[in-house]
Amino acid sequence: MLNSIERTMCKYPQLTYTFMSFPNDKQGGIIIDDEILINSNRSQCQQYQDLNEEIAHYETTVGDISKQETIDDRQQEHVARSRAMERVINLDGLVTCFQHQIWTDYEVAEYFGVEIDYLRTAINHWKERCGILFRYKDYWIDLSRGINISRI
């Protein structure tokens, strides 16, 4: 059975993937042309998060934005990060958590294979994008105090 990293890589066979030790453990990954380099010193959850962000850069970023010197660079970083979070912490997955009575932030983070801080950042992103209370398919999603979902 494939893990979340392997499943994600299979969806993008046009890319090559290298897991290697980086000199700086804070940097999770980088994409150079069609090759994604992932820092192997980081946890499995962090590698999964980093992989998705680098794939989002592949899909959306133009040029080298690594120095984050311009507003455009920072906007491209934000777009890629947002796209990665939406792919990993997706609304269908949140509904699945509700259906399987996965309630706490820690359980939801484990379900998605991410760190709790990443989950909370993604939830804040969804709040900014959709609002605190919104309808999704046959559900109300209320993000005012955690993740609360009810069937309509």
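Residues numbered from 1 in each chain as written. Predicted model: local features only at pLDDT ≥ 70, side-chain atom pairs only at ≥ 80, totals over all residues. Heavy atoms only, no water.

1. With respect to helix H4 (residues 91-99)
Defined as follows: Think of it in three bands: with a 1.4 Å probe and only protein chains considered, a residue is buried below 20% of the maximum accessible area for its type, exposed above 50%, and partly exposed in between. By definition, any uninterrupted DSSP run of H or I lasting at least four residues is a helix, any uninterrupted run of E lasting at least two residues is a strand, and each is numbered from the N terminus. Whether two residues are in contact is decided by their heavy atoms, any of which lying within 4.5 Å being enough.
Regarding H4, the residues found buried are Leu91, Gly93, Leu94, Val95 and Cys97. Summarising the contacts, the buried residues of H4 are in contact with helix H5 (105-112), helix H6 (116-130), strand E4 (133-136), strand E5 (139-142) and strand E6 (148-151). Backbone geometry just downstream of H4 places glutamine 101 in the positive-phi region, at approximately 55°.

2. Things to note about the side chain of threonine 61
Note the threshold: Polar contacts, as counted here, are pairs of nitrogen or oxygen atoms within 3.5 Å of one another; within protein the pair requires one atom able to donate a hydrogen and one able to accept it, and residues that are adjacent in sequence qualify only if both atoms are side-chain atoms.
As for its position among the elements, threonine 61 is in the loop between helix H2 (44-60) and helix H3 (71-88). We classify threonine 61 as buried; its relative accessible area is 19%. At 2.7 Å, the side chain of threonine 61 and the side chain of histidine 57 are in polar contact.

3. What to know about the layout of surface pockets
Heads up, the condition is: The way it works is a 1 Å grid over only the protein atoms, where trapped points that fit a 1.4 Å probe form a cavity and open points with protein on both sides within 12 Å along at least five of seven lines form a pocket, and then any residue with an atom within 4 Å of a point lines it. Grid points are joined across faces, edges and corners, and a volume is the space filled by probe spheres set on the points. Throughout this entry, Asp, Glu, Lys and Arg are counted as charged residues, while Ala, Val, Leu, Ile, Met, Phe, Trp, Tyr, Cys and Pro are counted as nonpolar. The remaining residues, Gly among them, count as polar.
Its volume calculated, the largest pocket comes out at about 740 Å³. Along the walls of the largest pocket sit 28 residues, with Gly29, Glu53, Glu54, His57 and Glu77 positioned nearest its centre. Sorting the residues of the lining of the largest pocket by element identifies strand E2 (29-32), H2, H3 and H6 as the ones contributing at least two each. The dominant element in the lining of the largest pocket, judged by the number of residues it contributes, is H2, at 6 residues. When grouped by side-chain class, the residues that make up the lining of the largest pocket number 8 nonpolar, 10 polar and 10 charged. Put simply, the second largest pocket is a space of about 380 Å³. Ser4, Arg7, Tyr48, Tyr111 and Phe112 are, among the 14 residues lining the second largest pocket, the residues nearest its centre. Residue assignment for the lining of the second largest pocket shows that the elements contributing at least two residues are helix H1 (4-10), H2, H3 and H5. The biggest single contributor to the lining of the second largest pocket is H1, with 3 residues.

4. So, the pairing of E5
Operational definition: Being paired, for any two strands, means DSSP has found at least two bridges between them.
Here E5 shows one buried face, formed by Tyr139 and Ile141, and one open face, formed by Trp140 and Asp142. Sheet analysis places E4 next to E5, joined by 4 bridges and oriented antiparallel. Within E5, the residue paired with leucine 133 across the bridge is aspartate 142. A loop of 2 residues connects E4 with E5, the two strands running antiparallel in sequence, and lysine 137 in this loop sits at a positive phi of about 55°.

5. Here's the deal with the sheet that holds E5
This is how the line gets drawn: Convention adopted: a line fitted to C-alpha atoms gives each axis, helices being fitted over their contacting stretch, and angles between N-to-C directions are expressed from 0 to 180 degrees.
The strand order E4-E5-E6 describes an open sheet built from 3 strands, whose pairing is antiparallel. The open sheet is flanked by E4 and E6, the only strands paired with a single partner. In this sheet, adjacent strand axes meet at a mean angle of 25° when their direction is disregarded. As paired strands, E5 and E6 are joined by 4 bridges and run antiparallel to one another. Residue pairing in the sheet places tryptophan 140 in a bridge with serine 150 of E6. Those strands touched by H4 are E4, E5 and E6, and its axis lies near 75° from that of E6.

Without other data, these values stay purely geometric and don't point to any function.
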